[in-house]
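Now for the letters of each chain:
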Amino acid sequence: MNAHDATASRRLRRIPADRFFFPAAVTYALVAVPLSVQGLLGDPAWAPGLASPLGHGQGVLFGFALALVAGFLVTRVSAGILAALAGLWLLGRVATLWPAGMIALVPDALFVVLLAVLIVPPLLRRAKKWRNLAFGWLLLTICLAALTAPVLRLLTLQGPAWLLLREAVLLFALLMLFVGGRIIAPAVAGAIERQGGRLTARVQPQLEAALLILMAAAAIALALPTAGILAGSLLWAAAALAAIRLLRWRLWRCRHRPDLITLGIGYAWLVVGIALLGAQQLGAVTPGTATHAVTVGALGHLASAVITRTWGHRHRWRPEQYRYLLPLSGLLSLSAAARLLWADTVTGLWLAAGLWSLALGLLLAQMVRMAWRPAPRPDSPTHPSENR
């Protein structure tokens, strides 16, 4: 085997991390949220590590969302590295469900360190613009938060633990603002161009830069004891700019694309969530309400659409076959609304958890269906369009 063949062989052996982390993250979130509600309302708790608002928040952000980050950004690694990353994540999830002291933190800590090593240095090396460089530092900050949060919780430092969780919500909101924009803009532009139109407002770098600055400033202000009004004002300004950015994408011209509609709904929930986070800083919204607009509404929609697009492309499904995203989006929006409107009731908590799990169950079933029944390529003789 010559050098060229050896290099090609190594590339073939590299595996995209989403093949494990996307179904694993969806399965975990599908089960963890009802377990958390049971732990909050029942005695004894079936999963003690999730049986508190703090444990629930850390599980969603550093268990579910960070696994999505791994699936999205760890594009191709060797089977050994992927096995190590996946094994550490799985051990970390078991350890957080049934925590057993400081030793329970080890698998998650190793997972976060390995993830940071895999994704941050390449991003920083390739970054040529300060906005892309800021994206790398944002991911590193999220990883540092994921390392610190469980230690604060184990040491029963409730004040710092809650502050870090609120900061983590802002960091993930900023991550979704950045990544969501980078996905939506070219996808919508391509869809509109195929209809004979043209989208001039794509990534919108000025708005993206302003959002990065405003959200970073809000995260700093949130850590200051007397800067609640400043943090709230900065978040409202960020929500307004994000809404303008969303409107300029003209997603109403992509009604035939369920994946783009779902991405747009997720971005709209993100606007609502950031605005509610600002209202929370001003005392107009109870703590936790805004968080679930960001996690259930925005993260649920954006993750579902990104997973669908990734797996659909791999298994040769066409965008018009993603129709299941529309009822899935309805379930996620109802779940977020139930959590926002009836958070203080047992019925509201169980309704929100049930709708969330039903939506993710539908997503998981479709992922299995995609893998089990790949669609024929459009240029294949067996493609349905050839037989009409």
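In what follows, the structure referred to is the one given above.
Residues numbered from 1 in each chain as written. Predicted model: local features only at pLDDT ≥ 70, side-chain atom pairs only at ≥ 80, totals over all residues. Heavy atoms only, no water.

Chemist: So what exactly am I meant to see when it comes to the side chain of Gln38 here?
Modeler: Structurally, Gln38 can be placed in helix α2 (residues 18-41). Residue Gln38 is classed as buried on the basis of its relative accessible area, which comes to 10%. For Gln38, the residues in contact, after removing those within four places along its chain, are Pro44, Ala45, Trp46 and Trp350. (Helix = DSSP H or I, 4+ residues; strand = E, 2+ residues; numbered from the N terminus. Buried < 20%, exposed > 50% of the residue type's maximum accessible area, 1.4 Å probe, protein only. Contact = heavy atoms within 4.5 Å.)

Chemist: Would you mind showing me how to read unusual backbone geometry here?
Modeler: With the exception of glycine, most residues fall at negative phi, and the peptide bonds are largely trans. Despite not being glycine, Gln204 shows a phi value in the positive range, around 55°. Examined against the element boundaries, Gln204 turns out to sit in the loop between α7 (158-194) and α8 (205-222). Gln204 gets classed as buried once you look at its relative accessible area, which sits at 6%. Its identity as a non-glycine residue notwithstanding, Arg250 has a phi of 55°, on the positive side.

Chemist: I tried to follow the packing of aromatic side chains on my own but got confused; where do I start?
Modeler: Geometry of an aromatic ring pair is reported as the spacing of the ring centres plus the angle between the planes. Scanning the entire structure with this criterion turns up 9 aromatic pairs. With 4.9 Å between their ring centres and 85° between their planes, Phe20 and Phe21 make a pair best called edge-to-face. A relative accessible area of 23% places Phe20 in the partly exposed class. A relative accessible area of 0% means that Phe21 is categorised as buried. (Phe/Tyr/Trp six-rings, centres within 6.5 Å; stacked < 30°, edge-to-face > 60°.)

Chemist: Please clarify how a nonpolar patch on the surface should be interpreted in this entry.
Modeler: On the surface, Leu40, Leu41, Val346 and Trp350 cluster together into a nonpolar patch covering about 350 Å² of accessible area. Among the residues examined, Leu41 registers a relative accessible area of 38% and is labelled partly exposed. (Patch = residues over 30% accessible without salt bridge, like charges linked within 9 Å, V, L, I, M, F, W, Y side chains within 5 Å. Areas by Shrake-Rupley, 256 points an atom, 1.4 Å probe, with all protein chains shown as cover. Salt bridge = Lys/Arg side-chain N within 4 Å of Asp/Glu carboxyl O.)

Chemist: What is the right way to read α8 from this model?
Modeler: Working note: α-helix, 3.6 residues per turn, so residues spaced by three or four point in the same direction. Between its first and last C-alpha atoms α8 spans 25 Å; for 18 residues at 1.5 Å apiece the expected length is 26 Å, and the two agree. Taken residue by residue, α8 has Leu207, Glu208, Ala209, Leu211, Leu212, Leu214, Met215, Ala218, Ala219, Ala221 and Leu222 as its buried positions. Elements that come into contact with the buried residues of α8 comprise α6 (130-154), α7, α9 (228-248) and α10 (258-281). (Expected span 1.5 Å × (residues − 1).)

Chemist: Mind showing me how you'd approach the environment of Ala305 here?
Modeler: Note that Ala305 resides in helix α11 (residues 289-314). Judged by its relative accessible area of 0%, Ala305 is buried. Non-local contacts of Ala305, meaning those with residues more than four positions away in its chain, are made with Asp259, Thr262 and Leu263.

Chemist: Would you mind showing me how to read the pattern of salt bridges here?
Modeler: Should their charged atoms come close, side chains of opposite charge can pair. Tallied over the entire structure, the rule returns 9 salt bridges. For the salt bridge of Glu208 with Arg245, the shortest nitrogen-to-oxygen distance reads 3.4 Å. Placement of Glu208 in helix α8 and of Arg245 in helix α9 is noted, with a sequence separation of 37 residues between them. According to the relative accessible area criterion, Arg245 is buried, its value standing at 0%. The partner of Asp259 in a salt bridge is Arg309, and the shortest N-O contact between them spans 2.8 Å. Of this pair, Asp259 sits in helix α10 while Arg309 sits in helix α11, placing them 50 residues apart in sequence. With relative accessibility at 25%, the residue Arg309 sits in the partly exposed group. Three or more residues are tied together by salt bridges with common partners; here these are Arg131, Arg182, Glu208 and Arg245.

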